[in-house]
Amino acid sequence: MAYYLKNLPFTEEGKKLNLSNEDRDRFRLVYKKDGDNWSLHDIWGEGGDYGDDCIVVPLESTYRGFKVFKPGQNFANVIGSSGDQNPAGNYSWIALWKCIYLATYYTAPPEKCCTDGCTYTDEALGMYVMGCDGGNIYQRTQDLHGGHVILGQRPSEVSKYTTVYIVPICAPHNGINDGYMKTRENTFAVQLSYRADEPVHNYLAQHPLETHKKI
């Protein structure tokens, strides 16, 4: 079981996030000890395999707002991130993305892969088509995942970065670790702190870990 930092202060953007109590309970985030740091690990779910090296925090405590990717924006997958194990479930990254989109725009989110249907390589801008190419609408709209991505053309472990983006992508594109992708149109991207080091360290200096409830 993990320690629940229920009262970890919200970020400024988190304070603006208009979540229902149900969604606030549904989307608590798990951060795992990584050396002296804390790294994004999972969405908390009852019965999950979390140990004393994990903490659970409110979504609003590490939410950093959103960014709109313009058409043609280059982005790549985060290597080693926790994928959507059950994208159709209520406790998934794509469900979190949909929830924040709805809380931001008060309208149903688009349910299709945000890529242009292709994957690109560094070699002379080489390109190959994935299963959700522009002519295959079924593939673009089925089996969506909340992909953890970074801006740029190189998939990477995210330990070098402080922000990770969650965007809707199809299962084939969510597994690309040897190329990068481009957005088809304006795309809503949720920003989360991948590393929660500073707020957690500051909070735990005043509220030792062992004084918190485990869940």
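Data block above holds the structure.
Draft legend 1. Broad picture of the overall build of the chain. The helix and strand tally for the chain stands at 6 helices and 12 strands. Counting across all 215 residues of the chain, residues that qualify as buried make up 50%. Taking contacts inside the chain between residues at least 6 apart in sequence as the whole, the part at least 24 apart equals 77%. Only carbon and sulfur atoms are counted for the fraction: they give 46% of the accessible area of the chain, which is about 10,600 Å².

Draft legend 2. Geometry of the sheet that holds strand E4 (residues 54-57). The mixed open sheet is built from 4 strands, whose spatial order is E1-E4-E2-E3. Single-partner strands in this sheet number two, and they are strand E1 (3-4) and strand E3 (37-43). Alignment of strand E2 (residues 29-34) against E4, held across 4 bridges, turns out to be antiparallel. Residue pairing for E4: Val30 is matched across the bridge by Val56. Contacts from helix H3 (residues 93-105) reach E2 and E3 within the one sheet, and its direction differs from that of E3 by about 90°.

Draft legend 3. Here's a closer look at the pairing of E2. One ladder, built from 6 bridges, connects E2 with E3; its direction is antiparallel. Across the sheet, Lys32 pairs through a bridge with Ser39, a residue of E3. The antiparallel pairing of E2 with E3 creates a hairpin that spans 2 residues between the two strands, and Gly35 there sits at a positive phi of about 70°.

Draft legend 4. Representation of helix H6 (residues 197-206). Taken residue by residue, H6 has Asp197, Val200, Tyr203 and Leu204 as its buried positions. Seen along its axis, H6 keeps its buried residues to an arc of 145°; they face one direction. Residues of H6 that are exposed and point more than 90 degrees away from the buried face comprise Glu198, Ala205 and Gln206. Of the surrounding secondary structure, the elements contacted by the buried residues of H6 are E3 and E4.

Draft legend 5. Examining the pairing of E4 more closely. On E4, burial covers both faces: Cys54 and Val56 on one face and Ile55 and Val57 on the other are all buried. By the bridge criterion, 2 bridges tie E1 to E4 in an arrangement that is parallel. Bridge pairing in E4 links Tyr4 to Val56.

Draft legend 6. Structural context of the side chain of Thr183. Tracing the backbone shows Thr183 in the loop between strand E11 (181-182) and strand E12 (187-193). Judged by relative accessible area, Thr183 falls into the buried class, the value being 3%. From its side chain, Thr183 meets the backbone oxygen of Lys70 in a polar contact 2.6 Å long. Residues contacting Thr183, with those up to four places away along its chain left out, are Phe69, Lys70, Pro71, Gly72, Gln73, Phe75, Cys114, Thr115 and Asp116.

Draft legend 7. Molecular detail of the packing of aromatic side chains. Evaluation of the coordinates by the stated rule reveals 10 aromatic pairs. Aromatic pair Phe69 and Tyr165: ring centres 5.3 Å apart, planes at 70°, arrangement edge-to-face. Of this pair, Phe69 sits in strand E5 (residues 63-69) while Tyr165 sits in strand E10 (residues 163-170), and the two are 96 residues apart along the sequence. Residue classification places Phe69 among the buried positions, given a relative accessible area of 1%. Relative to Tyr105, the ring of Tyr101 lies with its centre 4.9 Å away and its plane at 65°, an arrangement referred to as edge-to-face. Highlighted residues: Tyr101 and Tyr105, both in helix H3, separated by 4 residues, approximately one helical turn. A relative accessible area of 14% places Tyr101 in the buried class. Through a chain of ring-to-ring contacts, three or more aromatic side chains come together here, namely Phe66, Trp97, Tyr101, Tyr105 and Phe188.

Draft legend 8. Region of interest: H3. Here H3 contains 13 residues, and its C-alpha end-to-end distance of 18 Å stays within 8% of the 18 Å for a straight helix at 1.5 Å per residue. Three or more residues of H3 are buried, namely Trp93, Ile94, Ala95, Leu96, Trp97, Cys99, Ile100, Tyr101 and Ala103. Among the residues trailing H3, Tyr106 stands out with phi positive, at a value near 55°.

Reading the values: rules and limits
Residues numbered from 1 in each chain as written. Predicted model: local features only at pLDDT ≥ 70, side-chain atom pairs only at ≥ 80, totals over all residues. Heavy atoms only, no water. Helix = DSSP H or I, 4+ residues; strand = E, 2+ residues; numbered from the N terminus. Buried < 20%, exposed > 50% of the residue type's maximum accessible area, 1.4 Å probe, protein only. Contact = heavy atoms within 4.5 Å. Areas by Shrake-Rupley, 256 points an atom, 1.4 Å probe, with all protein chains shown as cover. Pairing = 2+ DSSP bridges. Axes fitted to C-alpha atoms, helices over the stretch in contact; angles between N-to-C directions. Arc of directions from axis to C-beta. Polar contact = N/O pair within 3.5 Å; in protein donor to acceptor, adjacent residues only side chain to side chain. Phe/Tyr/Trp six-rings, centres within 6.5 Å; stacked < 30°, edge-to-face > 60°. Expected span 1.5 Å × (residues − 1).

Taken by themselves, the reported measurements are silent on function.
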